Amino acid sequence: MKSVKKLLADKPQSYIWSVSPDTTVIEALFLMAEKNIGAVVVLDGEQLVGIFSERDYARKGIVQGRKAKSTPISEVMTPKVFTVTPEMDIRECMKLFSEKKFRHLPVMEEERVIGVLSIGDIVNSIMKEQVDHIQFLESYITNA
């Protein structure tokens, strides 16, 4: 299985989109819409303090009657963030996604966020590995 480090290196866009805890929900939503992403990490300086996703907005914002223009991210973000390290493999990421029911994993190296993986990144990587493996087997069979 591919490592998290390799998967991050293969991502076409590896910029880490982040907001601060006092950013308003609407500002974060505009950023997410502009960048076509489903979540942003919440950083206090360089320290990871949370993650904010579309799901957080739906469940902790809209449903609870909070106003996006005046609510700070710190009130609706997920503060206890599960993270992975570059040395882990994507199978371990899939296990976390499945067991914990979330879709985004910050990648940490020491105390610094070096990337974010989505469940889509993992699924696409697994599918590519399977296609490559099938092509290898087909080539092996036809050339044997």
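These numbers were taken from a predicted model, which means no experiment stands behind them. (Residues numbered from 1 in each chain as written. Predicted model: local features only at pLDDT ≥ 70, side-chain atom pairs only at ≥ 80, totals over all residues. Heavy atoms only, no water.)

Asker: I keep staring at the overall build of the protein and nothing clicks. Help me out?
Answerer: Of regular secondary structure, the protein possesses 5 helices and 5 strands. The secondary structure elements of the protein, listed N-terminal to C-terminal, are α-β-α-β-β-α-α-β-β-α. When the backbone C-alpha atoms are referred to their principal axes, the protein occupies close to 65 × 30 × 30 Å. Scored against the burial criterion, the 144 residues of the protein give a buried share of 37%. Nonlocal contacts in the protein, meaning residues at least 24 apart in sequence, comprise 54% of its contacts between residues at least 6 apart. Carbon and sulfur atoms make up 53% of the accessible area of the protein, which amounts to about 9,200 Å² in all. Across the protein, 19 positive and 20 negative side-chain charges occur, with their mean positions spaced 7 Å apart. (Helix = DSSP H or I, 4+ residues; strand = E, 2+ residues; numbered from the N terminus. Buried < 20%, exposed > 50% of the residue type's maximum accessible area, 1.4 Å probe, protein only. Contact = heavy atoms within 4.5 Å. Areas by Shrake-Rupley, 256 points an atom, 1.4 Å probe, with all protein chains shown as cover. Lys, Arg positive; Asp, Glu negative; His and termini not counted. Charge placed at Lys NZ, Arg CZ, Asp CG, Glu CD.)

Asker: Is there a simple way to think about helix α2 (residues 25-35) in this case?
Answerer: An α-helical segment advances 3.6 residues per turn. Residues three or four places apart therefore align on the same side. Restricting attention to buried positions, one finds in α2 the residues Val 25, Ala 28, Leu 29, Leu 31 and Met 32. Summarising the axial view, the buried residues of α2 lie within an arc of 160°, below the 170-degree limit, and thus occupy one face. Exposed and facing more than 90 degrees away from the buried side of α2 are Phe 30, Ala 33 and Glu 34. Of the surrounding elements, those touching the buried residues of α2 are β1 (18-19), β2 (39-44), β3 (47-53) and α3 (54-62). (Arc of directions from axis to C-beta.)

Asker: When you look at the packing of aromatic side chains in this model, what are you seeing that I'm missing?
Answerer: Two aromatic rings are characterised by how far apart their centres lie and by the angle between their planes. Counting across every chain of the model gives 4 aromatic pairs. Note on Phe 82 and Phe 102: the rings are 5.6 Å apart at their centroids and 25° apart in plane angle, and the pair reads as stacked. Pair noted here: Phe 82 is in the loop between α3 and α4 (90-100) and Phe 102 is in the loop between α4 and β4 (104-109), with a separation of 20 residues, a long-range link. Three or more aromatic residues joined by ring pairs make a cluster, and in this case those are Phe 82, Phe 97 and Phe 102. (Phe/Tyr/Trp six-rings, centres within 6.5 Å; stacked < 30°, edge-to-face > 60°.)

Asker: Explain the pattern of salt bridges to me, please; I cannot follow it from the model alone.
Answerer: When the charged atoms of two side chains lie near each other, side chains of opposite charge can form a pair. One pass over the full model with this rule turns up 7 salt bridges. When the shortest N-O distance is used, the salt bridge between Glu 34 and Lys 35 registers 3.1 Å. By relative accessible area, Lys 35 is classed as partly exposed at 26%. In this structure, Lys 95 and Glu 99 form a salt bridge, with 3.9 Å as the shortest nitrogen-oxygen distance. Residue Lys 95 and its partner Glu 99 are both found in helix α4; the two are separated by 4 residues, about one turn of the helix. For Lys 95, a relative accessible area of 51% translates into the label exposed. Residues joined by salt bridges that share partners form a network here, namely Lys 2, Lys 6 and Asp 10. (Salt bridge = Lys/Arg side-chain N within 4 Å of Asp/Glu carboxyl O.)

Asker: Mind showing me how you'd approach the UniProt feature "domain: CBS" (unreviewed entry) in the protein here?
Answerer: Residues annotated by UniProt as "domain: CBS" (unreviewed entry) correspond here to residues 12-68 and 77-133. In the segment residues 12-68, helix accounts for 35% and strand for 26%; the C-alpha atoms at its two ends are 31 Å apart. Annotation note: span residues 77-133, helix share 46%, strand share 23%, distance between end C-alpha atoms 40 Å. (UniProt positions renumbered as here; feature names shortened; annotations may be inferred.)

Asker: Explain the packing of α4 against helix α5 (residues 119-143) here, please?
Answerer: Between two packed helices, both the angle of their axes relative to each other and the distance between the axes serve to describe the pair. Here α4 crosses α5 at 135°, and the two axes come no closer than 10 Å. Classified by the interaxial angle, the pair formed by α4 and α5 is oblique. For the crossing formed where α4 meets α5, the hand is left-handed. Between α4 and α5, the residues in contact are Ile 90, Cys 93, Met 94 and Phe 97 and Ile 119, Ile 122, Ser 125, Ile 126 and Glu 129, respectively. A class-by-class count of the residues in the contact of α4 with α5 yields 7 nonpolar, 1 polar and 1 charged. (Axes fitted to C-alpha atoms, helices over the stretch in contact; angles between N-to-C directions. Parallel < 35°, antiparallel > 145°, perpendicular 65-115°, else oblique. Left-handed = near helix turned anticlockwise from the far one by under 90°. Nonpolar A, V, L, I, M, F, W, Y, C, P; charged D, E, K, R; others polar.)

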